[in-house]
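Here is how the chains run, residue by residue.
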Amino acid sequence: MKIFYFNITPLRNKNIFAEKVQEVSPERLEKIQRLKKSDDKFRCLGAGLLINYVKKIYGIDDDIMIAKNGKPHFTKEKMSFNISHSGNYVVIAVSEYNIGIDIQRMEKRNSLIAEKNFCAGECAYINEIDNYETKRQRFHEIWTIKEAYLKNIGIGLRKPLNSFEIDLSGKSPKIIDNPGYAILQMKLDSMYVIAVCADVRDKEFCIQEVEI
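Throughout this document, residue positions are counted from 1 along each chain, in the order its sequence is written. Restriction of local features to residues with pLDDT of at least 70 applies here, the model being predicted, together with a cutoff of 80 or more for giving and counting side-chain atom pairs; totals for whole chains, interfaces and linings are based on all residues. The basis for every side-chain value is the complete set of heavy atoms in the structure, and neither hydrogens nor water enter the calculation.

Caption draft 1: Here's a closer look at the sheet that holds strand β10 (residues 192-199). Two strands qualify as a pair provided that DSSP identifies no fewer than 2 bridges between them. Numbering of helices and strands runs from the N terminus; a helix is a DSSP stretch of H or I covering at least four residues, while a strand is a stretch of E covering at least two. Pairing is antiparallel across the open sheet formed by three strands, whose spatial order is β6-β10-β9. Unpaired on one side and paired on the other, β6 (99-105) and β9 (181-188) mark the two borders of the sheet. Adjacent strand axes in the sheet meet at a mean angle of 15 degrees, parallel and antiparallel pairs treated alike. Judged from the eight bridges that link them, β9 and β10 form a sheet pairing that is antiparallel. Bridge pairing links I183 to C197 in β10. Note on definitions: a residue-residue contact is assigned when non-hydrogen atoms from the two residues lie within 4.5 Å. To define axes, lines are fitted to C-alpha atoms, for helices over the stretch in contact only, and angles between the resulting N-to-C directions are given on a 0 to 180 degree scale. Where helix α6 (residues 132-153) meets the sheet, its contacts fall on β6, β9 and β10, and the angle it forms with β6 comes to roughly 150 degrees.

As structure tokens, this is what we get:
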């Protein structure tokens, strides 16, 4: 498993954006053009550039299609990948096994959102320490784990977040009732948390920043 991340800040320069937007596929360009907000366009372009980078370093000459469950994959290449973006970052995880990744910028924590979307044990884990910053980070850690898991299995948010529970009592989180997955967590600077849901057979890991 390898993770690549890209800071989209340079794309805010209109000249750089105009240059780099010519490098993506027609399908990606059409998607960029449909978006209304500038930041969404930057992140969409960043995702396309990261896909191009992955295809280049792995020697992949293949198109991308979207499965019925909404999960993107190569049409012929067996390698799995998954993309996420938030704020200034776009990330992509690549593996020979199914993979899911999610990144979130840590915004203001809302206890009502946690109570509505998380299980009782997860809410208790968030609230057991009386420190706002710790609670905020734990909230986003749980949220990214749940999204990464759903993206790995190809369901997305069609499955309620409180329909499965995360065991947070050990050294690393586990998906209760589904032990075939390993959870990896990390931070990008002080404001971004990442969770990766990988196959337990996926033993190798590295992360790399990409400057495009």
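Caption draft 2: Expanded view of the pattern of salt bridges. A carboxyl oxygen of Asp or Glu within 4 Å of a side-chain nitrogen of Lys or Arg is what we treat as a salt bridge. Enumeration over the complete set of coordinates arrives at ten salt bridges. In this structure, E122 and K146 form a salt bridge, with 3.1 Å as the shortest nitrogen-oxygen distance. Of the two residues, E122 sits in helix α5 (residues 120-127) while K146 sits in helix α6, which places them 24 residues apart along the sequence. Categorising residues by exposure relies on relative accessible area from a 1.4 Å probe, with only protein chains included: less than 20% of the type maximum marks a residue as buried, more than 50% marks it as exposed, and the intermediate range marks it as partly exposed. Residue E122 is classed as buried on the basis of its relative accessible area of 0%. The class of K146 is buried, set by a relative accessible area of 0%.

Caption draft 3: How the structure looks around the packing of aromatic side chains. Under the pairing criterion, centres of Phe, Tyr and Trp rings, with the six-membered ring standing for Trp, must be within 6.5 Å; the plane angle then separates stacked pairs below 30 degrees from edge-to-face pairs above 60, leaving the rest tilted. The full count for this structure, using the stated rule, is ten aromatic pairs. Considering the side-chain rings of F4 and Y53, the 5.6 Å spacing of their centres and the 70 degrees angle between planes classify their relative orientation as edge-to-face. With F4 in strand β1 (residues 2-7) and Y53 in helix α3 (residues 38-57), this pair connects stretches of sequence that are 49 residues apart. By way of ring pairs, the aromatic residues Y5, Y89 and Y192 are connected into one cluster. A ring is scored as having a charge over it whenever the NZ atom of a lysine or the CZ atom of an arginine sits within 6 Å of its centre and within 35 degrees of its normal. Above the face of the Y125 ring, R138 is positioned so that its terminal group lies 4.0 Å from the ring centre. Taking NZ or CZ as reference, K146 lies 4.3 Å from the ring centre of F164, over its face.

Caption draft 4: Structural view of the environment of G180. In this structure, G180 sits in the loop between β8 (174-175) and β9. Here the alpha-carbon distance between G180 and V200, two residues 20 residues apart in the chain, equals 5.7 Å. With residues up to four places along the chain from it excluded, the contact list for G180 reads A198, D199 and V200.

Caption draft 5: Region of the structure containing the sheet that holds strand β11 (residues 206-209). One open sheet accounts for four strands, arranged β4-β5-β1-β11; its pairing is mixed. The open sheet terminates on both sides in strands that have one partner only, identified here as β4 (80-86) and β11. Across the sheet, the mean angle from the axis of one strand to that of its neighbour is 15 degrees, orientation sign disregarded. Inspection of the sheet shows β1 paired to strand β5 (residues 89-95) by six bridges, in the antiparallel sense. Within β5, the residue paired with N7 across the bridge is Y89.

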